[in-house]
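# A structural walkthrough
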Amino acid sequence: MKTQDPRAKTPDATIDASCRLPLLVLFNGAALWLVLGLALSVIASLTFHKPEIFACCPMLSYGHAQAAANDLLVYGFCVPAALGVMLWIFARLSQTELVLSPLPFIAAHLWHLGVLVGLVAILTGNTSGFAWLEFPRASAMLLGVAFVLIAISAVATFGQREERELYPSHWFLLAALLWFPWIYSTANLLLVTNWPVRGVAQSIVHWWFTNNFIFVWLALVGLGVVFYLLPKLTGQPLRSKFYALFAFWTLMFFGTWAGIPAGAPVPAWLPTLSQFASMMLVIPILAVAIVLVKTLRGAKLFCGGSTYGYIRLGGLMFLPSAVLLVAAACPQYSRVLEFTWFGAAQVQLHILGFGTIVLLGAINEIVPLIMDKPLPFKKFVPWQFFLSVVGVALFVIPLLIAGVQQGHSNFEPNAGKFWLKLSMGGLVLLLLGSLLLLTNLFLMTLKWKIALVKTVAAAVVAPLENSEVKS
Amino acid sequence: MNDDMSDESKSCSLPSSTEPTATRSTVPMWIFVVTLLLLFLGFAFFDKKGGWFDVRVYAPYNSSEELEAAQPKSAAAVAMAAGKKNYETYCGSCHGNDGAGKIAQAPPLSGSEWVMTKGAERLAHIPLAGLGGPIKVEGKDWNMNMAAMGAGLSDTDLAAVLTYIRGSWGNKMGEVSPDDIKKVRAEVGKAPQPYTGEKLMTMPE
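Model, not experiment: these values are computed from the prediction. (Residues numbered from 1 in each chain as written. Chains lettered and ligands numbered in written order. Predicted model: local features only at pLDDT ≥ 70, side-chain atom pairs only at ≥ 80, totals over all residues. Heavy atoms only, no water.)

Among the surface-exposed residues, Leu113, Leu116, Val117 and Val120 of chain A lie close enough to one another that they form a single nonpolar patch of about 300 Å² accessible area. Here Leu113 of chain A lies in helix H3 (residues 102-123). (Patch = residues over 30% accessible without salt bridge, like charges linked within 9 Å, V, L, I, M, F, W, Y side chains within 5 Å. Areas by Shrake-Rupley, 256 points an atom, 1.4 Å probe, with all protein chains shown as cover. Salt bridge = Lys/Arg side-chain N within 4 Å of Asp/Glu carboxyl O. Helix = DSSP H or I, 4+ residues; strand = E, 2+ residues; numbered from the N terminus.)

Pasting the structure below:
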């Protein structure tokens, strides 16, 4: 048995077991959506270069596949995976079992149902037409309700904590729990109802939402998880609490304003303020860099493919991603890079390089704990790590180069074609990696279910020996 | 089960079951200084380019003052600006954007006695009906043809064009009103015949 924190009343194994059901549903669904999302990305990429390739099925045309892929990666994978990880972190930090655990279990199903409805709607062409908000109203409603239910359980668990002083991850993750319902409901109310805002306000709301969701929300989640797992995995304290809080406040304060492109055809104060805010993001970037470097310096471990490797690399990826965001907002660069593939590359780096890698590391770390069993194929964890790292590099770097070429060539249609083709290879590697995760999770769940059925069956078949059946 | 798992991971990470802690070293002064410096630069940038929340200011204008300076000052200035645009589209190709005329294409308008008339009646006939045959412009003989190049313009637009040619390149004659154009247009009719210089001279200026 592991040694226990003397203050802790509840053993870790009990806490982990209390998370099992909701987390299994959240993670299994997330893994499935990740595979589907990446597969659709590959399809979109293929149709981009060879539009006639899926001429048979209009469902797979570029517009459908690309939108579906984007939404599956974020709503399908990132959000439910993040929610699962958050529930576990809150339970562990509070040293109590998950409070109201049936709530997230039901909500997890609602969430995945919402994603399924959204996916069908996109593929059949019933979308809102706003990137990242393509899901129709019914599906947005399901997502909103599911998120709030899960957040209630997370916050209730948080309220039960023994140690009253907050740990930095608390700040980041609680903010993420509040942020999403706020921005998601606002954006849907203002854009996807029967009475949307009109004219240029639509674009402004849309830019605001995209930046707050993709950049700020994912940063809150990713950094919250990294600041929790990094010290835990290295046995080092986080250095330091106040740096982390400084990063938190400056990220929240300046991050929300960023995101309106410098060349946007809106009154000049909006993009100017946005550029100002983006420039100020240098401060949280510095603070996060200091926390990561100082915390990692104490850790003398090196293992590329372990969950520690995921968390370390994923956390560090925040830095280039945020730096690219700031660079793209600089007037000198935005003139060339705006509305090219460069922006897409930054978004993909943030989602796939930072958010997804951190969450994958956390899932690979947490699942064996909540199931109290090692993963069926432990080797898959380092394999997926290398596939993801090479995949992200091969996907994002060519996109960046293509963006620069496109910007310099004055939008000549064939600019950067070679690099765009190369980037497809990265997607394929990422897809392979995600299949490994799916295999591990599904096999694990299957084994667990079979064991469960066997136990129940044994109990039913031999009611008299009931007391001797070991589960 | 549990044990072999922790053995496995021992090499790469510590199987720590205690919750993470954080040190309490405070944020150094320099990062606040950098923050303040950046805030200062940011405000300066916003002051320069942001137009202080004026919803009428769009790029490439940077402020309300700049926008104001780019606006035409009076109704006459508006007509001159509109007239210049239409003149350069419909007339400049022959008479030159500088109004100096072009050899063997069209006589000059700057300083021309046909343009510098007291009223606009005679002048308005030229673009509305056309002009053909021998004329004298600033002492030189011309004998060519000009079609009714201005007949397709609206009263307001043609009035602005004539105001423009009467007020540019050193010409200093009064404005032409849309009503003047309307009157002459009615007079020349739907399918006007080009006038000769001789005939034009018989009508009031």
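What follows concerns the confidence of the model for chain A. Parts of the model with low pLDDT should not have their predicted coordinates read in detail. On average, residues of chain A score 90 in pLDDT, and 95% of them reach the 70 mark or higher. The element-level mean pLDDT for chain A is lowest in helix H11 (residues 331-337) of chain A, coming to 84, with H3 of chain A highest at 95. (pLDDT = per-residue confidence, 0-100.)

A regular strand places its side chains on the two faces of the sheet in alternate fashion. Residue and element names in this part refer to chain B. Counting buried positions along strand E1 (residues 131-137) gives five out of seven residues, so the element sits mostly inside the fold. Inspection of the sheet shows E1 paired to strand E2 (residues 140-146) by seven bridges, in the antiparallel sense. Pairing of Val137 across the sheet is with Lys140, part of E2. The hairpin turn running from E1 into E2, its antiparallel successor, is two residues long, and Glu138 in that turn takes a positive phi close to 50 degrees. (Buried < 20%, exposed > 50% of the residue type's maximum accessible area, 1.4 Å probe, protein only. Pairing = 2+ DSSP bridges.)

Between its first and last C-alpha atoms helix H1 (residues 12-49) of chain A spans 51 Å; for 38 residues at 1.5 Å apiece the expected length is 56 Å, and the two agree. Of all 38 residues in H1 of chain A, 28 are buried; the element is thus mostly enclosed. (Expected span 1.5 Å × (residues − 1).)

Residue and element names in this part refer to chain B. Sheet architecture is open: three strands sit in the order E2-E1-E3, paired in mixed fashion. In this open sheet, the two edge strands, each paired with only one partner strand, are E2 and strand E3 (195-196). Bridge analysis of E1 against E3 gives two bridges, and the strand direction is parallel. Considered in E3, the bridge of Gly132 is made with Thr196.

All names here are of chain B. The geometry of helix H6 (residues 121-129) relative to helix H8 (residues 178-188) is characterised by a closest axis approach of 9 Å and an angle of 60 degrees between their N-to-C directions. Comparing their axes, H8 and H6 come out oblique. The element H6 and its partner H8 pack so that their crossing is right-handed. Along the contact surface, H6 presents Glu121, Ala124, His125, Leu128 and Ala129, while H8 presents Ile181, Lys183, Val184, Arg185, Glu187 and Val188. Of the residues belonging to the contact of H6 with H8, the class tally is six nonpolar, one polar and four charged. (Axes fitted to C-alpha atoms, helices over the stretch in contact; angles between N-to-C directions. Parallel < 35°, antiparallel > 145°, perpendicular 65-115°, else oblique. Left-handed = near helix turned anticlockwise from the far one by under 90°. Contact = heavy atoms within 4.5 Å. Nonpolar A, V, L, I, M, F, W, Y, C, P; charged D, E, K, R; others polar.)

For the rest of this paragraph, the subject is the packing of helix H6 (residues 200-234) of chain A against helix H9 (residues 282-298) of chain A. How two helices sit against one another is set out by the angle between their axes and by the gap between those axes. All names here are of chain A. Remark: H6 packs on H9, axes separated minimally by 11 Å, with the N-to-C direction vectors making an angle of 20 degrees. Here H9 runs roughly parallel to H6, going by the angle between their axes. As H6 packs across H9, the resulting crossing turns out to be left-handed. Residues Leu223, Val226, Phe227 and Leu230 of H6 form the contact with H9, whose participating residues are Val288, Val291, Leu292, Thr295 and Leu296. Considering only residue class, the contact of H6 with H9 consists of eight nonpolar, one polar and no charged.

Attention now goes to the interface of chain A and chain B. On the chain B side, the residues contacting the 53 residues of chain A number 43 residues. Taken together, the two surfaces of chain A and chain B that pack against each other cover about 4200 Å², and 69% of this comes from carbon and sulfur. Across the chain A-chain B interface, the total number found is three salt bridges. Linking chain A with chain B are 10 residue pairs in polar contact (both at pLDDT 80 or more), by the criterion used here. Looking at the side of chain A that touches chain B, the elements with two or more residues in it are helix H2 (62-94), H6, helix H7 (241-255), helix H8 (269-280), H9 and helix H12 (341-371) of chain A. Along the lines of polarity and charge, the residues of the side of chain A that touches chain B split into 34 nonpolar, eight polar and 11 charged. (Buried area = accessible area lost by both parts, 1.4 Å probe. Polar contact = N/O pair within 3.5 Å; in protein donor to acceptor, adjacent residues only side chain to side chain.)

Attention shifts here to the pattern of salt bridges. Residue and element names in this part refer to chain B. Summed over all chains, the structure comprises 11 salt bridges over all chains. Between Asp141 and Lys136 there is a salt bridge whose closest N-O contact spans 3.3 Å. For Asp141, a relative accessible area of 61% puts it in the exposed group.

Turning next to the packing of aromatic side chains. Residue and element names in this part refer to chain A. This structure, assessed with the given rule, holds 41 aromatic pairs over all chains. Seen from their ring centres, Phe253 and Phe254 are 5.2 Å apart, and the 85 degrees between their planes marks the pair as edge-to-face. Judged by relative accessible area, Phe254 falls into the buried class, the value being 10%. Ring geometry for Phe318 against Phe354: centres 5.3 Å apart, planes inclined by 55 degrees, an arrangement best described as tilted. Taken together, the residues Phe318 in helix H10 (residues 307-329) and Phe354 in helix H12 connect sequence positions 36 residues apart. (Phe/Tyr/Trp six-rings, centres within 6.5 Å; stacked < 30°, edge-to-face > 60°.)

The residue Ser240 of chain A is located in the loop between H6 and H7 in this model. Residues Ser240 of chain A and Pro168 of chain A, 72 residues apart in the sequence, show an inter-C-alpha distance of 9.1 Å. The residues contacting Ser240 of chain A, other than those within four sequence positions of it, are Val291 of chain A together with Thr23, Arg24 and Ser25 of chain B.

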